[in-house]
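A closer look at the structure
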Amino acid sequence: MSFPIVVLAYFRAKPEHLAELRAALAELIRATRREPGCLRYDLHVAADDPTSFVMIEQWATRAALEAHLAQPHTRTALAQVPAWLADEVRISQWTALELDQLAAARHSS
């Protein structure tokens, strides 16, 4: 059984580039949400820091995620955005555990 892939990307903007970053991300989000296999593509800002963001993505399959990374709008954003960031983007990928997987792990220990 295949579960969706969840991607979390944490990043912080340089304050002087916040407007540029937000504009570029708005374009990226609009285009990405139309891609096949995109289940979720949401940008969140920290409640206590307007320069700190997390992008929460959910993809139906690994192939859909890989296709996203090859899209022109994604490549453009990946080329532009680093100059506007205060530090490196931290990216992690996740898959869901079903309840039966959790129960099986409990019995195997």
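The structure we're discussing is the one just above.
Residues numbered from 1 in each chain as written. Predicted model: local features only at pLDDT ≥ 70, side-chain atom pairs only at ≥ 80, totals over all residues. Heavy atoms only, no water.

All right, on to the sheet that holds strand β2 (residues 38-46) then. Here 4 strands make up an open sheet; going across it, the order is β2-β3-β1-β4 and the pairing antiparallel. In this open sheet, the two edge strands, each paired with only one partner strand, are β2 and β4 (90-95). Across the sheet, the mean angle from the axis of one strand to that of its neighbour is 15°, orientation sign disregarded. Two elements, strand β1 (residues 5-12) and strand β3 (residues 49-59), share 8 bridges in a ladder whose sense is antiparallel. Paired with Leu 8 across the strands is Ile 56, a residue of β3. (Pairing = 2+ DSSP bridges. Helix = DSSP H or I, 4+ residues; strand = E, 2+ residues; numbered from the N terminus. Axes fitted to C-alpha atoms, helices over the stretch in contact; angles between N-to-C directions.)

Further remarks concern helix α2 (residues 62-70). Regarding α2, the residues found buried are Ala 64, Leu 65 and His 68. Buried residues along α2 cover an arc of 100° about the axis, so they all sit on one side. Looking at the packing, one finds that the buried side of α2 touches β1, α1 (18-32), β2, β3, α3 (72-80) and β4. (Buried < 20%, exposed > 50% of the residue type's maximum accessible area, 1.4 Å probe, protein only. Arc of directions from axis to C-beta. Contact = heavy atoms within 4.5 Å.)

As far as function goes, none of this settles anything; it's purely spatial.
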